[in-house]
Amino acid sequence: MIRKTEVEETLKRIQSHKGVIGTMVVNAEGIPIRTTLDNSTTVQYAGLLHQLTIKAKSTIRDIDPQNDLTFLRIRSKKHEIMVAPDKEYLLIVIQNPCE
Amino acid sequence: MPLKAPRKQSVSMGRGARKRDEDSGTEVGEGADEWTQSKATVRPPDQLDLTDAELKEEFTRILTANNPHAPQNIVRYSFKEGTYKPIGFVNQLAVHFSQVGNLIPKDSDEGRRQHYRDEMVAGPQESARVVLSDAGNLDEDEEPKEPAIEAESQIDMAIAEVAEKVAEEELMTHKQPKDRKLTNQFNFSDRASQTLNHPLRDRECQMEPPPRTNFSATANQWEIYDAYVEELKKQEKIKEKEKTKTPVAKKTGKLAMRKLTSMESQSDDITKVSQAAKIVERMVNQNTYDDVAQDFKYYEDAADEYRDQEGTLLPLWKFQNDKAKRLAVTALCWNSKYNDLFAVGHGSYDFMKQSRGMLLLYSLKNPSFPEYIFSSDSGIMCLDIHVDHPYLVVVGHYDGNVAVYNLKKPHSQPSFRSSAKSGKHTDPVWQVKWQKDDMDHNLNFFSVSSDGRIVSWTLVKSELVHTDVIKLKVEGSTTEVSEGLELHTVGCGTAFDFHKEIDYMFLVGTEEGKIYKVKQHRPHQLLIGPLGPEHLGSLNQFLDTYDAHNMAVDAVTWNPYHTKVFMSCSSDWTVKIWDHTIKTPMFIYDLNSAVGDVSWAPYSSTVFAAVTTDGKAHVFDLAINKYEAICNQPVVAKKKNKITHVQFNPIYPIIIVGDDRGHITCLKLSPNLRKMPKEKKGQEVQKGPAVEITKLDKLLNLVREVKTKT
């Protein structure tokens with residue numbers, strides 16, 4: 001029984017972790033449910049990453065249907081975008097790895 | 001044969017009767033033949049007697065074409081003369097049958113006209129109706145009876161015609177050639193009438209168009225696979241439901257279902273992200289502590305080559321939690337199945353400051369927050385994780401209670417708890433250890449405490465059942481009190497360890513500094529002694545006693561490879577290694593400070609680590625250096641920070657060290673500390689426990705030789 005508060009706390013911890021710029025939760029259709037960034041950025045990230053995640057998931061599963069995508073990391077010059085897909089939702093975290 | 005007798009009567013009547021004669025005669029004649037044949041002539045009494053001459057008289061009969069029904073004397077009133085005059089000639093026509101027909105001769109006018117018309121209208125369908133109305137009457141024989149004069153006149157007129165009288169009335173309806181109306185050929189009259197035309201009204205109804213969404217999907221191989229997997233799951237569920245179809249199960253099932261559904265409806269969608277959130281948290285931590293993770297995996301201190309038998313400990317992660325800040329680390333234990341998971345017990349060693357306790361389980365993958373948190377009222381002093389069931393954690397408290405937590409059920413309360421009734425200890429529980437399941441496959445564990453009792457607890461269904469295994473007695477301390485009672489001073493156990501192979505033999509360390517070797521009757525042999533099972537405790541034997549230390553024994557551990565060797569440490573600053581057959585220790589190490597904990601390395605029989613209250617960690621390798629530590633390193637940053645426990649990870653070359661501030665530090669062992677025996681060229685490297693045993697044996701033999709010499 002996973003209580004709502006535990007998940008909320010986890011998300012809070014992630015948000016307050018060192019280097020984390022923003023977090024957002026996106027539903028299966030690409031609509032953001034919860035976010036810590038401003039609206040326009042959120043919508044942009046949500047739309048683009050949603051498609052990318054679907055593509056990545058499809059790739060993995062096409063190769064082996066018993067396999068599944070656990071998470072996706074995109075490292076760029078400025079920061080790192082981490083996407084963890086779930087059955088219905090997508091959790092996106094943008095972090096500055098501070099090297 | 002003509003009958004004469006009956007004829008006589010008819011002859012006397014007039015001409016009119018002749019008809020009757022004929023009629024009756026024929027009738028009688030036919031019948032009479034039968035009569036005459038069967039019977040003889042009988043003469044009726046009133047028959048006329050005629051003479052022969054009269055009898056031979058000839059009569060003649062004549063057939064005429066006269067209508068017998070026609071009147072013979074028709075009179076007509078003549079206005080000229082003013083009298084009735086008889087008509088000389090009467091119509092003798094007798095119509096027997098007449099029928100009105102609709103046939104017209106082809107050649108007649110009408111016939112020809114019709115024929116012409118038909119030809120004309122052969123293409124376009126022309127309906128030329130020939131309607132005949134029957135105006136003719138049926139002339140019957142009864143007519144003359146009617147005194148109707150008009151009818152007679154009609155009949156007169158029709159005399160000249162043929163017997164079959166056809167009276168026609170033609171009605172020709174000229175219609176337009178294109179219309180052909182099938183009408184009754186005999187009797188048709190076109191009659192039209194006008195009905196009321198109802199006013200027309202438009203009536204409409206409009207709906208909102210049904211909501212539409214675009215749906216698109218791709219039929220990938222994995223989508224098909226998913227569909228099949230779901231089908232399988234559904235079928236399995238149905239099978240399971242069918243199997244467990246008892247009413248009790250149904251009830252609980254329903255309740256569970258209700259609970260589930262209510263929870264689901266209550267809980268927000270956010271709980272479904274929990275798994276993803278966990279993964280992301282780990283990812284984020286990995287990013288932050290990226291260098292640490294890299295070190296953990298790959299870093300091998302190159303300087304070790306130059307250091308010549310000395311090694312270092314590389315600090316990796318630090319684990320701490322706000323809630324456990326003031327509490328000391330009182331117990332550490334790695335999980336046997338999940339090698340990155342370890343349990344930390346928090347409590348306090350301070351007798352005066354006793355407060356609550358905490359049990360935290362951390363994963364190396366997430367150093368910032370524990371995976372599981374449990375809190376308790378009393379400080380936790382020891383813990384153990386079951387080898388076969390890595391979700392069961394047993395915990396011993398300062399108040400003497402023991403509790404078992406089930407990690408699978410995330411309740412904050414332990415699933416089993418001892419209490420004053422169920423035989424809890426009266427003093428703090430210093431060590432708990434899981435043992436093998438008993439005969440009934442019930443889990444069981446042992447606990448040792450300062451009250452001198454070693455208790456075996458069994459988890460029976462939902463209860464903890466305790467059995468006192470042994471009571472520690474201080475030897476030679478039985479004092480006789482005046483009444484003759486023997487007062488046994490109870491020894492206080494502080495540590496114990498079961499033998500790796502002989503699981504009914506174990507060592508107990510006490511506060512007095514003694515170590516007892518105890519052999520216990522196998523718990524699954526239910527021996528009921530003459531005085532009942534309680535007195536079983538007395539059957540447990542003290543095999544041996546070692547005068548180990550001058551102060552309390554903090555830890556006792558058997559060597560993981562060598563079955564004879566064990567090690568003990570104490571607050572008297574020493575670490576001692578023993579062979580259990582010999583009463584004096586093999587090796588003694590003085591570490592200049594009270595030793596909190598010792599632990600053998602899982603990968604070698606000669607490596608062990610010890611931690612002291614001055615914040616240092618010492619790592620020894622007997623194969624390299626029998627007298628000194630090969631690594632001697634302060635581990636905790638601040639002084640006055642006492643290290644309380646140390647544990648090696650079973651797989652990775654790391655150790656965790658807990659201190660009394662509630663921090664846990666993870667350190668990596670440098671390669672020098674993990675040295676395996678060098679293989680000579682050409683020889684195979686032998687690996688396995690046997691090698692370790694022989695290695696240690698060699699060392700021990702050396703020592704023994706030395707001892708025997710001295």
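For clarity, every value in this text was computed on a predicted model and none was experimentally measured. (Residues numbered from 1 in each chain as written. Chains lettered and ligands numbered in written order. Predicted model: local features only at pLDDT ≥ 70, side-chain atom pairs only at ≥ 80, totals over all residues. Heavy atoms only, no water.)

## Things to note about the overall build of chain A
Along its length, chain A carries two helices and five strands. For chain A, the succession of helices and strands along the chain, N to C, is α-β-β-α-β-β-β. For chain A, the residues scored as buried account for 40% of the 99 residues in total. Sequence separation of 24 or more characterises 37% of the internal contacts of chain A that already satisfy a separation of 6 or more. Approximately 5,900 Å² of chain A is accessible, and the part contributed by carbon and sulfur atoms is 53%. (Helix = DSSP H or I, 4+ residues; strand = E, 2+ residues; numbered from the N terminus. Buried < 20%, exposed > 50% of the residue type's maximum accessible area, 1.4 Å probe, protein only. Contact = heavy atoms within 4.5 Å. Areas by Shrake-Rupley, 256 points an atom, 1.4 Å probe, with all protein chains shown as cover.)

## Notes on the overall build of chain B
Along chain B, the regular secondary structure elements total eleven helices and 34 strands. A burial count over chain B gives 38% of its 710 residues as buried.

## Some remarks on the pattern of salt bridges
In the structure shown here, the tally under the stated rule is 15 salt bridges over all chains. In this structure, A:Glu8 and A:Arg34 form a salt bridge, with 2.8 Å as the shortest nitrogen-oxygen distance. Here the residue A:Glu8 occupies a position in helix H1 (residues 4-16), and A:Arg34 occupies one in strand E2 (residues 32-35), the gap between them amounting to 26 residues. Across the pair B:Arg674 and B:Glu300 runs a salt bridge whose closest N-O atoms are separated by 2.4 Å. Taken as a pair, B:Arg674 in the loop between strand E34 (664-669) and helix H11 (689-709) and B:Glu300 in the loop between helix H9 (290-298) and helix H10 (304-307) lie far apart in primary sequence, 374 residues in all. (Salt bridge = Lys/Arg side-chain N within 4 Å of Asp/Glu carboxyl O.)

## Details of a nonpolar patch on the surface
Residues and elements named next belong to chain B. On the surface, Val 75, Tyr 77, Phe 79 and Tyr 84 cluster together to form a nonpolar patch covering roughly 510 Å² of accessible area. Along the chain, the position of Tyr 77 falls in strand E1 (residues 75-78). The class for Tyr 77 is partly exposed, based on a relative accessible area of 37%. (Patch = residues over 30% accessible without salt bridge, like charges linked within 9 Å, V, L, I, M, F, W, Y side chains within 5 Å.)

## Focus: the side chain of A:Ser58
Secondary-structure assignment places A:Ser58 in helix H2 (residues 39-63). A residue is classified by how much of its surface remains accessible, and A:Ser58, at 15% relative accessible area, is buried. For A:Ser58, the side chain forms a polar contact with the side chain of B:Trp222, separated by 3.5 Å. In contact with A:Ser58, other than residues within four places in its own chain, are B:Asn220 and B:Trp222. (Polar contact = N/O pair within 3.5 Å; in protein donor to acceptor, adjacent residues only side chain to side chain.)

## Let's talk about the UniProt feature "repeat: WD" (unreviewed entry) in chain B
Per the UniProt record, the feature "repeat: WD" (unreviewed entry) sits at residues 546-579 of chain B. Regarding residues 546-579 of chain B, the helix share stands at 0% and the strand share at 59%, and the terminal C-alpha atoms are separated by 11 Å. (UniProt positions renumbered as here; feature names shortened; annotations may be inferred.)

## Quick look at the sheet that holds strand E1 (residues 20-27) of chain A
The five strands are arranged E2-E1-E5-E4-E3 (chain A) in an open sheet whose pairing can be described as antiparallel. A single partner strand is all that each edge strand has here, and the edge strands are E2 and strand E3 (72-75) of chain A. This sheet shows a mean twist of 15 degrees between the axes of neighbouring strands, independent of strand direction. Relative to strand E5 (residues 89-95) of chain A, strand E4 (residues 80-85) of chain A is paired through six bridges, and the arrangement is antiparallel. Bridging across to E5(A), A:Ile81 finds its partner in A:Ile94. Most of the contacts of helix H8 (residues 274-288) of chain B go to E5(A), to which it runs at about 15 degrees, and overall it touches E1, E3, E4 and E5 of chain A. (Pairing = 2+ DSSP bridges. Axes fitted to C-alpha atoms, helices over the stretch in contact; angles between N-to-C directions.)

## Observations regarding the nonpolar core
Residues and elements named next belong to chain B. Val 575, Ile 577, Phe 587, Tyr 589, Val 598, Phe 608 and Leu 622 are the most contacted members of the largest nonpolar core, which has 21 residues in total. Put simply, the parts of the chain that give this core at least two residues each are strand E25 (565-570), strand E26 (574-579), strand E27 (587-590), strand E28 (595-600), strand E29 (607-612) and H11. Looking at this core, the element that brings in the most residues is H11, giving four residues. Among residues more than four places away in sequence, those in contact with Phe 608 are Met 567, Val 575, Ile 577, Tyr 589, Ser 599, Trp 600, Ala 601, His 618, Val 619, Phe 620, Leu 622 and Phe 648. Core analysis: the next-biggest nonpolar cluster, separate from the first, contains 20 residues, Phe 296, Val 344, Ile 654 and Cys 666 among them. (Core = buried A, V, L, I, M, F, W, Y, C linked by side-chain atoms within 4.5 Å.)

## Some thoughts on the interface of chain B and chain A
Contact residues are listed per partner, giving 27 residues for chain B and 35 residues for chain A. When the two sides are added together, the surface that chain B and chain A hide from each other amounts to roughly 3,100 Å², 65% of it contributed by carbon and sulfur. Summed over the three residues of chain B that lose the most area to chain A, namely B:Trp222, B:Ile270 and B:Asn287, the buried surface amounts to 22% of that side. Connecting chain B to chain A are two salt bridges. A salt bridge links A:Arg13 to B:Glu281; the shortest N-O distance between them is 2.8 Å. Taken together, the links from chain B to chain A amount to 13 residue pairs in polar contact (both at pLDDT 80 or more). (Buried area = accessible area lost by both parts, 1.4 Å probe.)

## Details of the pairing of strand E31 (residues 631-634) of chain B
Residue and element names in this part refer to chain B. Alternating positions in E31 separate cleanly, Cys 631 and Gln 633 being buried on one face and Asn 632 and Pro 634 remaining unburied on the opposite face. Of the strand pairs in this sheet, strand E30 (residues 616-621) and E31 are connected by four bridges, and their pairing is antiparallel. For Lys 616, the partnering residue across the bridge sits in E31 and is Pro 634.

## Considerations on H8(B)
Residues and elements named next belong to chain B. An ideal rise of 1.5 Å per residue puts 21 Å on 15 residues; H8 measures up with 21 Å between its terminal C-alpha atoms. Counting buried residues in H8 gives eleven out of 15 residues, a clear majority hidden from the surface. Residues of H8 that are buried: Ser 274, Ala 276, Ala 277, Ile 279, Val 280, Glu 281, Met 283, Val 284, Asn 285, Asn 287 and Thr 288. (Expected span 1.5 Å × (residues − 1).)

## Quick notes on the environment of B:Gly311
All names here are of chain B. When you line up the elements, Gly 311 lands in the loop between H10 and strand E5 (313-319). Classification of Gly 311 as buried rests on a relative accessible area of 8%. Counting along the chain gives 361 residues from Gly 311 to Asn 672, while the straight-line C-alpha distance between them is 4.9 Å. In this structure Gly 311 touches Asp 304, Ile 630, Cys 631, Ser 670, Asn 672 and Leu 673, once residues within four positions along its chain are discounted.

## A short note on the pairing of strand E21 (residues 505-510) of chain B
All names here are of chain B. Most of E21 sits inside the fold, with six of its six residues counted as buried. Of the two faces of E21, both are covered, the one formed by Met 505, Leu 507 and Gly 509 as well as the one formed by Phe 506, Val 508 and Thr 510. As defined by bridge partners, strand E20 (residues 493-498) adjoins E21 across five bridges and the pair is classed as antiparallel. When the bridges of E21 are listed, Phe 496 appears paired with Val 508. What sits between E20 and E21 in their antiparallel hairpin is a turn of six residues. Here five bridges tie E21 to strand E22 (residues 514-519), and the two strands are oriented antiparallel to one another. Each residue of the ladder has a partner; that of Phe 506, found in E22, is Val 518.

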